[in-house]
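Summary of structural features
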Amino acid sequence: MRSLRTLNPYLWKYKTHLLSGIVFVMFSAWFGTLPAQVIRDVLDMVRDELQILQLIKGYYVHSYFYTFVRDTLLLSGATVLLFAILRGFFLFLTRQTLIVMSRRIEFDLKNDIFNHLQSLSTDFYRKYSTGDILARIGEDVSRVRMYIGPAIMYTVSTVTMFIFVLATMFSVNVWLTLIVIIPLPILSISIYYVNITVNKRSEKVQEQLSNLSTFVQEHFSGIRIMKAFEREKSVNIRFSENAEEYKKRSLHLAKVNAFWLPVISLLIGISTLFTVWIGGIWVIQQKITLGNIAEFVLYVSMLTWPIASLGWVTSLVQRAAASQTRINELMNIQPSIVNKNPNESNIQGKITLKNVSFGYTDEQNILDNISLEIPKGSSLGIMGAVGSGKSTLAQLLVRMYDIKHGQILIDDVPIQELNLNSLRQQIGYVPQDVFLFSDTIYNNIAFGKIDATEQEVMAVAQKAAILKDIEHFPDGIQTVIGERGITLSGGQKQRISLARAIIKNPPILILDDCLSAVDTHTENEILSHLAEVKQNKTTIIISHRISSVKDCDNIIILKDGRIAEQGSHEALLALGGEYARLYEEQTTVISSVTESTISSTIVEI
Ligand SMILES: Nc1ncnc2c1ncn2[C@@H]1O[C@H](COP(=O)(O)OP(=O)(O)OP(=O)(O)O)[C@@H](O)[C@H]1O
Ligand SMILES: [Mg+2]
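Below is a summary of the structure that appears in this document.

Before going further, it helps to examine a nonpolar patch on the surface. Residues Val23, Phe27, Trp30 and Phe164 make up a contiguous nonpolar surface patch of about 320 Å² in total accessible area. If you tally residues by element for the nonpolar patch, the top one is helix α2 (residues 15-55), at three residues. Considering the arrangement of structural elements, one finds Val23 in helix α2. Judged by its relative accessible area of 40%, Val23 falls in the partly exposed class.

Here it is in structure tokens:
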């Protein structure tokens, strides 16, 4: 339960809602109990006055008295109606305060969690899956909301109702009250246990539902693979199995749910039976009146829901506490990459690496003792086998991770001491895994520079050699590209990702294998534009193709996390090592291609 204390500041923020809500609930509960007393008085009055009417039948006062009785009845009816209206009115105000408060706190909580998640570093996202994070923002927060809204509302309402009803009942007849309320605690306890079972089973239903939706989501996003491998039938079978399990669990839940109402009805029935039976005997013995029995029957029905809700509320609070614990666990995680410098600054573009070593785990180093100097405005090509640490190095430069040993200096300032926002704003980074949003091409490119005009977007689209493709799309630059850019080819996606980075016009540009999916002709076109874009920028080009890096001022070859070779294109060729071997390999491949391609490709290389 302690975890729920974290919510106190939120409750304090909406204290006016909370306090006025509590007062409204109390009024609503009070007006709910009053009609029973009116009904008791009316019944007793009617019984007495009917006798009087019988006695005075035939006398001239009879009609006056009859009118009087009728008017009193009407007035009593109007009073009951008035109480009902007032109860409803206060219930409306309660919902407007307490439930509105719970929705606002839900909103605040979601915002806080979202902001916190945004501040967390990439290592956090390696540990937590998207499904887990979504569950915490969605399911857990709504459970906490059930505590803040309904649980508080029903608790106050139950307590108030209890006090009013029990006080009146005791004032009428202590013994009858005691007899009538005996079954009620049993009702509350049994509902608590029924609820625990309901929760356990509905949790299982939820779990299976999420399995089912993950299954469906994954298979629809991978529908192309599924069709290509002709796996529809086997997927159908697996889906049926999953759905069957879901049905089984749902029916299991329905069974225990079916107990709910009968249990409540039975226990209320017993209470009512006691009231009428024992009350009836006492009426005969003239200990209580007929009106008292009617009044007690009403009280019993009034107490039923609050008592039942007591069990329900207890389980709500328990679930909320468990959910809040999970939320707190998330909120207590500190970002491993912290911004130590509040002052934004301009980056010139000189990059220095001094004995940099880094590994994702403590056991294994991916980069090992790398020292490198990239002068401002120069270009560096990085080549190396798959898994040699090229992308890792690029990610270190945008400070996705902090290094364990050595130093990375930008303009001779250690990267950790630079303002994190300035650093990331002033680096144009094209990651190896292209990620595009399900939005228009325009918005995807302008993501790099929020206030970019259409002309700017068009200009960078041209530099990234994507403009011609865009012009062929039905809505041009405003074409929506589907989930993660599904309607685009691999090369088109890469070029949009490139345009998104260069629109920032950053002093440092890092291109991680971003031309791998384009043909040599387009690659050449982009490289020729890049020559212009690169001016006065420090550019790092990671690639498997010699053609992409050959014009760089300096080229390094990474091997097992170390720099194996370093130098210009010519120097490396002269060295006759790995680079020369790659060059040899890539040109030999070309020589096996058709005549016409050979001539154009050789010109490119
Ligand atoms: N987030 C991560 N967590 C743990 N290990 C990782 C992570 N990213 C990469 N690695 C490991 O680090 C090593 C280097 O990966 P990296 O992506 O830097 O290689 P690369 O040189 O870019 O390869 P490629 O040419 O295939 O893009 C690989 O062995 C990989 O398994
Ligand atoms: Mg890579």
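In this section: the packing of aromatic side chains. Per the stated rule, a full pass over the model turns up 19 aromatic pairs. For the ring pair Phe296 and Tyr299, a centre distance of 6.1 Å and an interplane angle of 70° mean the geometry is edge-to-face. Residue Phe296 and its partner Tyr299 are both found in helix α10 (residues 290-331); the two are separated by three residues, about one turn of the helix. The pair Phe296 / Tyr299 is uniform in exposure class, with both members buried. Put simply, the rings of Phe24, Phe27, Trp30, Phe31, Phe83, Phe89, Phe90 and Phe164 touch in pairs and so form one group of aromatic residues.

Further remarks concern the site of ligand 1. With respect to spatial proximity, 14 residues lie near ligand 1, and among them Gly387, Lys390, Ser391, Thr392 and Gln432 are the closest. One of the backbone nitrogen or oxygen atoms of Gly387 is found 2.8 Å away from an oxygen atom of ligand 1. Here an oxygen atom of ligand 1 and a backbone polar atom of Gly389 are 3.0 Å apart. At three residues, helix α11 (residues 390-397) tops the list of elements feeding residues into the shell around ligand 1. Among the residues forming the shell around ligand 1, the class breakdown is five nonpolar, seven polar and two charged.

At the metal site, the magnesium ion (ligand 2) is ligated by Ser391 (OG) and Gln432 (OE1), and these contacts range over 1.9 to 2.1 Å. Of this pair, Ser391 sits in helix α11 while Gln432 sits in the loop between β6 (427-430) and α13 (441-446), and the two are 41 residues apart along the sequence.

A word on the pattern of salt bridges. For the coordinates displayed, the defined rule picks out 28 salt bridges. Arg136 is the partner of Glu329 in a salt bridge, and the nearest nitrogen-oxygen pair spans 3.5 Å. Of this pair, Glu329 sits in helix α10 while Arg136 sits in helix α5 (residues 130-172), and the two are 193 residues apart along the sequence. By relative accessible area, Glu329 is classed as partly exposed at 41%. On the accessibility criterion, Arg136 (5% relative accessible area) is buried. Residue Arg143 pairs with Glu139 through a salt bridge whose shortest N-O separation is 3.6 Å. One end of the pair is Arg143 and the other is Glu139, both in helix α5 and four residues apart, which spans about a single turn. A relative accessible area of 15% places Arg143 in the buried class. One salt-bridge network, in which partners are shared between bridges, spans Arg103, Glu106, Lys110 and Arg145.

Quick look at the nonpolar core now. Across soluble globular proteins, you tend to see nonpolar side chains buried next to one another. Counting 44 residues, the largest nonpolar core has Ile441, Ile445, Val457, Leu498, Leu511 and Tyr579 as the members making the most contacts within it. Residue contributions to this core peak at five residues, all from helix α16 (residues 490-502). When residues of this core are sorted by domain, at least three fall in each of domain 2 (345-426 + 506-605) and domain 3 (428-503). Residues contacting Tyr579, with those up to four places away along its chain left out, are Met383, Ile546, Val549, Lys550, Ile555, Ile557, Glu565, His569, Leu572 and Leu573.

Criteria and thresholds
Residues numbered from 1 in each chain as written. Chains lettered and ligands numbered in written order. Predicted model: local features only at pLDDT ≥ 70, side-chain atom pairs only at ≥ 80, totals over all residues. Heavy atoms only, no water. Patch = residues over 30% accessible without salt bridge, like charges linked within 9 Å, V, L, I, M, F, W, Y side chains within 5 Å. Areas by Shrake-Rupley, 256 points an atom, 1.4 Å probe, with all protein chains shown as cover. Salt bridge = Lys/Arg side-chain N within 4 Å of Asp/Glu carboxyl O. Helix = DSSP H or I, 4+ residues; strand = E, 2+ residues; numbered from the N terminus. Buried < 20%, exposed > 50% of the residue type's maximum accessible area, 1.4 Å probe, protein only. Phe/Tyr/Trp six-rings, centres within 6.5 Å; stacked < 30°, edge-to-face > 60°. Near = heavy atom within 4 Å. Polar contact = N/O pair within 3.5 Å; in protein donor to acceptor, adjacent residues only side chain to side chain. Nonpolar A, V, L, I, M, F, W, Y, C, P; charged D, E, K, R; others polar. Donors = N, O, S within 2.8 Å, 3.2 Å for Na, K, Ca; no water. Core = buried A, V, L, I, M, F, W, Y, C linked by side-chain atoms within 4.5 Å. Domains from an automatic or database assignment. Contact = heavy atoms within 4.5 Å.

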